[in-house]
Amino acid sequence: PFGFEIADWNVLMSPYELRRRQEKEEVERVEAKKQYEAGRGGGESIEHKAIKEAVFKDPEKHLAEPMTPIRLEKAFLTGDVLDVLLQDTLGRYVCVEVEVDIGNTDDIGFHQAGKYRVLTAMEYGVKPKDVRTIVVARSIAAALAEKYGKYDIETRTVNSKDIEERKGSDLHNSTDKHEKQIKY
């Protein structure tokens, strides 16, 4: 309606405004990378693995609703790996992103959950609105749960005692035997 494309907005900014915006975006990229590396840098923690495998093995106990386990560590063409893929009683795919604890500035798991919703929809030929996402952790900051709830990202907390018991158990590796083919 104004006769220019969104990309042209940068032209309308003063050089100072444009530079401030670019610097802010760079700071956000660096911070996101730090958060990502803090969660993944040293490999998977025992706690993360225990939560992930507990949810896969007994989703009803840990998510408070019956679900069918589909895949532990679902890899996508992009190289992204979803922690747990389930299917609910209505036949919808459920992407579960596991974090150990989520504080007030730990947004990354929610962003990953949103990404996995779209990747799962594309992979299985369904609409993103028909894919549920749940972020699971021992503790989740209420402000973040509320913030990302508007994107239909659900949250569940797991009982620390249940997870502590699993940490010492013989945790299995994901294999193709866990994947089930679901036809619509």
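Computed from a predicted structure; not experimentally measured.

### Comments concerning the overall build of the protein
- Counting secondary structure elements, the protein contains 7 helices and 7 strands.
- Of the regular secondary structure in the protein, the N- to C-terminal order runs α-α-α-α-β-β-β-β-α-β-β-α-β-α.
- Counting across all 184 residues of the protein, residues that qualify as buried make up 36%.
- Partitioning the contacts of the protein with sequence separation of at least 6, the portion at a separation of at least 24 is 61%.

### Focus on the sheet that holds strand S5 (residues 131-137)
- What the 5 strands build is an open sheet, ordered S1-S2-S3-S5-S7; its pairing is mixed. The open sheet terminates on both sides in strands that have one partner only, identified here as strand S1 (67-75) and strand S7 (153-157). With direction set aside, neighbouring strand axes in the sheet form an average angle of 30°.
- The sheet contacts of helix H3 (residues 46-57) involve S1, strand S2 (81-88), strand S3 (93-98) and S5, and relative to S1 the element is tilted by about 140°.

### Quick look at the pattern of salt bridges
- Inspection of the entire model under this criterion finds 13 salt bridges.
- For the salt bridge of Lys52 with Glu73, the shortest nitrogen-to-oxygen distance reads 2.3 Å. One end of the pair, Lys52, is in helix H3; the other, Glu73, is in strand S1, with 21 residues separating them in the sequence.
- Residue Lys52 is classed as buried on the basis of its relative accessible area of 1%.

### Some remarks on the nonpolar core
- Ranked by internal contacts, the top residues of the largest apolar core, which has 17 residues, are Ile51, Val55, Leu63, Val84, Leu86, Val96 and Val136.
- Counting residues per element, the ones that place at least two in this core are H3, S1, S2, S3 and S5.
- No other element matches the 5 residues that H3 contributes to this core.
- Setting aside chain neighbours within four positions, we find Val84 in contact with Lys52, Val55, Phe56, Arg71, Leu72, Val94, Cys95 and Val96.
- Within the second largest apolar cluster, 11 residues are counted, among which are Ile102, Ile140, Ala141 and Leu144.

### Overview of the packing of aromatic side chains
- Applying the stated criterion across every chain yields a total of 4 aromatic pairs.
- Centre to centre, the rings of Phe110 and Tyr148 are 4.7 Å apart; their planes meet at 10°, and the pair counts as stacked. With Phe110 in helix H5 (residues 108-124) and Tyr148 in helix H6 (residues 142-149), the pair connects residues that are 38 residues apart, well separated along the chain.
- An aromatic cluster is present here, built from Phe110, Tyr148 and Tyr151 joined pairwise through their rings.

### Quick word on H3
- If you check H3, its first and last C-alpha atoms are 16 Å apart, about what 12 residues at 1.5 Å a residue would give, namely 16 Å.
- Buried within H3 are the following residues: His48, Ala50, Ile51, Lys52, Glu53, Ala54, Val55 and Phe56.

### Let's talk about the confidence of the model for the protein
- Of all residues in the protein, 73% attain a pLDDT of 70 or more, and the chain-wide mean is 82.
- Predicted confidence for residues 170-184 stays below pLDDT 50, and this span has 33 contacts to residues more than four positions away or in other chains.

### Digging into the pairing of S3
- With 6 of 6 residues buried, S3 is to be regarded as a mostly interior element.
- Residue alternation in S3 divides its side chains into two sets, Tyr93, Cys95 and Glu97 and Val94, Val96 and Val98, and both sets are buried.
- Inspection of the sheet shows S2 paired to S3 by 4 bridges, in the antiparallel sense. Opposite Leu85, over in S3, you have Cys95 as the bridge partner.
- The turn joining S2 and S3, which pair antiparallel and follow one another in sequence, is formed by 4 residues; a positive phi near 85° is taken by Gly91.

### Some remarks on the side chain of Asp88
- By the element assignment, Asp88 lies in strand S2.
- With a relative accessible area of 6%, Asp88 lands in the buried category.
- Looking at Asp88, its side chain comes within polar contact range of the side chain of Arg132, at 3.1 Å.
- Discounting residues that sit within four places of it in the chain, Asp88 has contacts with Glu65, Pro66, Met67, Val94 and Arg132.

Rules and cut-offs
Positions within a chain are numbered from 1, following the residues in the order the chain's sequence is written. Only residues with pLDDT of at least 70 are given local features in this predicted model, and only at 80 or more are side-chain atom pairs given and counted; all residues enter the totals for whole chains, interfaces and linings. Excluding hydrogens and water, the side-chain values take into account all heavy atoms of the structure. The way it works is that DSSP assigns letters per residue, a run of H or I at least four long becomes a helix, a run of E at least two long becomes a strand, and they are numbered from the N terminus. Accessibility here uses a 1.4 Å probe with only protein chains present; expressed as a share of the type maximum, an area under 20% marks a residue as buried, one over 50% as exposed, and anything in between as partly exposed. Throughout, a contact is declared for two residues whenever any of their heavy atoms are within 4.5 Å. A pair of strands is labelled paired if DSSP reports no fewer than 2 bridges between them. Orientation is described by axes fitted as lines to C-alpha atoms, over the contacting stretch for helices, and by angles from 0 to 180 degrees between their N-to-C directions. We count a salt bridge whenever a side-chain nitrogen from Lys or Arg sits within 4 Å of a carboxyl oxygen from Asp or Glu. Here, nonpolar core means buried Ala, Val, Leu, Ile, Met, Phe, Trp, Tyr and Cys residues that are tied together by side-chain atoms lying within 4.5 Å of each other. Classification of ring pairs rests on two measures: the distance between centres of Phe, Tyr or Trp rings, Trp counted by its six-membered ring, which must be within 6.5 Å, and the angle between planes, read as stacked under 30 degrees, edge-to-face over 60 and tilted in between. Every helix has an expected span of 1.5 Å times one less than the residues it contains. The predictor's confidence in any single residue is recorded as pLDDT, a number from 0 to 100. Pairs of N or O atoms are called polar contacts if they sit within 3.5 Å, as long as, within protein, a hydrogen donor faces a hydrogen acceptor (for residues adjacent in sequence, only side-chain-to-side-chain pairs).

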